[in-house]
Amino acid sequence: MRLRSASVGIDFYQFFLNTKILFQPGISRDFSNELAQLTARKFLLVTDPFFAENGVADAVRAGIEGAGAEVVGVFSEVPPNSEVEVVKRCAAAATAGGAEGIVALGGGSAMDTAKAANIVFSLGGDLVADYSGSQTIPRALNPLIAIPTTAGTGSEVTSSAVIFDEATQRKLSFNDAFLRPQLALLDPELTLSLPPKATAMTGMDALTHAIEAYTSAQANPMSDALAMKAVKLIRTHLLQAVERGEELEARSQMMIASNMAGIAFDHAMVGVVHAMSHATGGIAHVPHGLANSIYLPYGMEYNLEVAAERYAGLARRLGVDTSGMSPADAARAAVTAVREMRAALKRVCGLPDRLRDAGVAEGQLEEIAATAVEDGASFFNPREVTFDEVLKKIREAY
Ligand code: NAD
């Protein structure tokens, strides 16, 4: 079955968000009011080596302990693009420490590790065999508090976790409403340390979430509103956050945008850009945000015919003066605006804009295309994702 294109109109949607969101600079150091409302009193803190070493995890820990709760351990082994074995060790650490909940501090990798570990920690069983895929979780998990340190993935509000499976060399998805964290703490101060290139690629990840949510076959009025606002915020603040990373205002706006884009795509889903990126991440180990940044204009071109009005609607949010333009021209101008953003990011921080500069070998392109066609994101793309057509775009992106 092919879902109807979002541009045709809509006769049903649902919107449900069971995550409480708090934005405040410094909130990661003191959220005692929130902790007081949870029944869990013992937490495992899950983070990556960077935050374990730079004192931020200690500050979060002190805040939790200052509120009278206990940190039973700090699991800081999370690598970028986390793996099944790491998730299993993390779940074991939560069980061994007698935790009643998890606090995740870090980018998408730390948050996704914590989300996936929370499944096994709460329910037992085998992560891959019992829970990979969609709607596999039978009941609520232990409380999870997510504290993002990148403005990119939106994982603090999404119902999914993406984990690399060493056995199959593929990225596995876990999708279930029970995976959404109970609490998302948006502290833009945490992103001040993110280097320019990482800021650029994670920001482009958020832009891709927003644009693909807006053109998804499952877009709805709520996701549209969040996606459009996110596109505008990212267009206005990403370059500034990359060039002047010490400016809290730009960091704040990017964190809000990333969060909005996360809610948008969690409800609307994503499309061909993500399908290509997931495949490229699994096969060639390109970071998710970088893959999205490289593929975004090509994916937009892929959908140009069926989603022109939608792209035209985004053009103004991307800074295009659309007065006097036909929808088709405005849609093409939206793609050009995305290309210009990438060119500016390449200029200021060296963000690659071709697969060949991101470690992908030409011999991998067909496998990437074949894997992308099978990816779940392809199902929600407004135009059918076929091997030949997607391979063409992947070759262009190479
Ligand atoms: P990441 O978590 O992999 O972090 C990348 C690197 O940046 C790490 O070395 C980390 O230590 C460092 N870092 C993070 N924050 C920092 C900071 N503030 N200062 C300095 N260094 C910092 O990066 P990411 O892009 O946030 O996450 C990528 C992962 O998220 C991928 O596995 C991707 O598949 C997944 N993802 C998940 C969802 C979801 O909804 N669950 C959505 C998109 C992406």
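This text follows the structure it describes.
Residues numbered from 1 in each chain as written. Predicted model: local features only at pLDDT ≥ 70, side-chain atom pairs only at ≥ 80, totals over all residues. Heavy atoms only, no water.

*Asks:* I keep staring at the site of the ligand and nothing clicks. Help me out?
*Replies:* In the vicinity of the ligand, 28 residues are found, and the nearest of them are Asp48, Gly108, Ser109, Thr150 and Thr158. Taking Thr158, its side chain carries an N or O atom lying 2.7 Å from an oxygen atom of the ligand. One nitrogen or oxygen atom from the side chain of Ser193 is found 2.8 Å from a nitrogen atom belonging to the ligand. Notes on the ligand: free accessible area 860 Å², of which the protein chains cover 87%. Listing elements by their share of the shell around the ligand, those giving two or more residues are helix H2 (49-53), helix H5 (108-123), strand E7 (160-165) and helix H7 (196-215). Among the residues forming the shell around the ligand, the class breakdown is 9 nonpolar, 15 polar and 4 charged. Both domains that meet at the shell around the ligand, namely domain 1 (20-190) and domain 2 (196-397), each give it at least three residues. (Near = heavy atom within 4 Å. Polar contact = N/O pair within 3.5 Å; in protein donor to acceptor, adjacent residues only side chain to side chain. Areas by Shrake-Rupley, 256 points an atom, 1.4 Å probe, with all protein chains shown as cover. Helix = DSSP H or I, 4+ residues; strand = E, 2+ residues; numbered from the N terminus. Nonpolar A, V, L, I, M, F, W, Y, C, P; charged D, E, K, R; others polar. Domains from an automatic or database assignment.)

*Asks:* How should the nonpolar core be read in this particular structure?
*Replies:* Within soluble globular proteins, side chains that are nonpolar generally end up buried alongside one another. In terms of nonpolar packing, the biggest core is built from 81 residues, with Leu207, Ile211, Tyr295, Leu318, Leu355 and Ile394 touching the most fellow members. The set of elements that each furnish at least two residues to this core consists of H7, helix H8 (221-243), helix H9 (248-268), helix H10 (272-284), helix H11 (288-315), helix H12 (327-349), helix H13 (365-374) and helix H14 (387-397). Apart from residues no more than four positions distant in its own chain, Ile211 is found in contact with Val231, Leu296, Met300, Tyr311, Leu314 and Val338. Ranked by size, the runner-up nonpolar core spans 32 residues in total, among them Ala99, Ile102, Ala104 and Ala110. (Core = buried A, V, L, I, M, F, W, Y, C linked by side-chain atoms within 4.5 Å. Buried < 20%, exposed > 50% of the residue type's maximum accessible area, 1.4 Å probe, protein only. Contact = heavy atoms within 4.5 Å.)

*Asks:* Before we go on, may I ask you to explain the sheet that holds E7 in this structure?
*Replies:* Either a parallel or an antiparallel arrangement is found when strands of a sheet pair, and the pairing is made through backbone hydrogen bonds. In space, the 3 strands of this open sheet follow the order E5-E8-E7, with mixed pairing throughout. Lying at the two open borders of the sheet, with one neighbouring strand each, are strand E5 (133-134) and E7. In terms of strand pairing, E7 meets strand E8 (residues 170-175) through 6 bridges, oriented antiparallel. By the bridge assignment for E8, Ala161 is matched with Phe174. (Pairing = 2+ DSSP bridges.)

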